[in-house]
Amino acid sequence: MGDLLLVRHGETEWSRSGRHTGSTDVPLTGHGRDEARALAPLLRAHRVGAAFASPAARARETAELAGLRRVRVDAGLREWDYGAYEGVTTAEIQRTRPDWFLFTDGVAPGPPGRPGETPEQVGERADRVLARIDAAPTGAGECAVLVAHGHFLRVLTARRLGLPASAGALFLLETGTLCRLGTEHGRPVIAAWNVGPGT
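Worth saying up front: this structure is predicted, and the values here are computed from it rather than measured.

## Focus on the environment of Ala 135
Here's step 1: Within the secondary structure, Ala 135 is located in helix α7 (residues 119-135).
Here's step 2: Once the C-alpha coordinates of Ala 135 and Arg 160 are considered, the two residues, 25 residues apart in sequence, prove to be 15 Å apart.

Below you can see the structure in the form of structure tokens.
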């Protein structure tokens, strides 16, 4: 497998306001659609052998607007299950849990169908996604593109680099940006991060 390109979906109303957006399928804003379209020339600079997207409409629309074709939906790319914190901001959570931090503390269980995930569970899911992507057939010099969500892609990056899931906290990821995970001397590295038009 060549490089791995990570795309965070474009802006939504909830991402703009900092609300944790897991299973709630909030659509892209007009700005978010513009962000997605602006990714097209960045992606055209790479030989894409395979493209995968989260089932969420905001990720699938980002992939389409960015010009990706034959995108396979992979349920493993869904965002963190935030449990009881779905739709809630970090500031609101910290009113009752002042020291709360997602990447170390996880979330409180939610209603049926939304039990929440620990950082370790998200890391295990990222490992399974990476194993599937690595097994996907691509030609020499081709890369795979993953269109998904901020917190999940941060954990996936940590796992790709051999770090614990909690290390995803180190990789701030903006909406509508492109990141590239490559290798140096056979070891995984971050080759580019938060790339957008003009950067």
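## Describing the pattern of salt bridges
Here's step 1: Taken as a whole, this structure holds 10 salt bridges when the rule is applied.
Here's step 2: Here Asp 34 ties to Arg 37 by a salt bridge, and the two come within 3.0 Å at their closest N and O atoms. Of the two residues, Asp 34 and Arg 37 both sit in helix α2 (residues 30-38), 3 residues apart, roughly one turn of that helix.
Here's step 3: Given a relative accessible area of 42%, Arg 37 falls into the partly exposed group.
Here's step 4: Arg 47 is the salt-bridge partner of Glu 142, the closest N and O atoms lying 3.8 Å from each other. Of this pair, Glu 142 sits in the loop between α7 and β4 (143-148) while Arg 47 sits in the loop between α3 (40-44) and β2 (48-53), and the two are 95 residues apart along the sequence.
Here's step 5: Look at the salt bridges and you will find they share partners, linking Glu 11, Glu 13 and Arg 16 into a network.

## Some words on the packing of α7 against helix α8 (residues 150-160)
Here's step 1: Relative to each other, α7 and α8 sit at 70°, their axes nearing to 9 Å. Between α7 and α8, the angle falls in the class roughly perpendicular. Here the hand of the crossing between α7 and α8 comes out right-handed. Along the contact surface, α7 presents Val 122, Gly 123, Arg 125, Ala 126, Asp 127, Val 129, Leu 130 and Asp 134, while α8 presents Phe 152, Val 155, Leu 156, Arg 159 and Arg 160.
Here's step 2: In terms of residue class, the contact of α7 with α8 is built from 7 nonpolar, 1 polar and 5 charged.

Parameters and conventions
- For every chain, the first residue of its written sequence is number 1, and the numbers climb from 1 along that sequence.
- Restriction of local features to residues with pLDDT of at least 70 applies here, the model being predicted, together with a cutoff of 80 or more for giving and counting side-chain atom pairs; totals for whole chains, interfaces and linings are based on all residues.
- As a rule here, side-chain values cover all heavy atoms of the structure and leave hydrogens and water aside.
- Strands here are runs of E lasting at least two residues and helices are runs of H or I lasting at least four, both read from the DSSP assignment and numbered beginning at the N terminus.
- Salt-bridge detection follows one rule: a side-chain nitrogen of Lys or Arg within 4 Å of a carboxyl oxygen of Asp or Glu.
- In this scheme, a residue with accessible area under 20% of its type's maximum is buried, one over 50% is exposed, and one in between is partly exposed, where area comes from a 1.4 Å probe on protein chains only.
- With axes taken as lines fitted to C-alpha atoms, and helix axes fitted only over the stretch in contact, angles between N-to-C directions fall between 0 and 180 degrees.
- Geometric relationships in this document are graded by angle, where less than 35 degrees denotes roughly parallel, more than 145 denotes roughly antiparallel, 65 to 115 denotes roughly perpendicular, and other angles denote oblique.
- If you view the pair so one helix is near and one far, a crossing is left-handed when the near helix is turned anticlockwise from the far one by less than a right angle, and right-handed when it is turned clockwise.
- Residue contacts follow a heavy-atom distance rule, with two residues in contact if any of their heavy atoms lie within 4.5 Å.
- Throughout this entry, Asp, Glu, Lys and Arg are counted as charged residues, while Ala, Val, Leu, Ile, Met, Phe, Trp, Tyr, Cys and Pro are counted as nonpolar. The remaining residues, Gly among them, count as polar.

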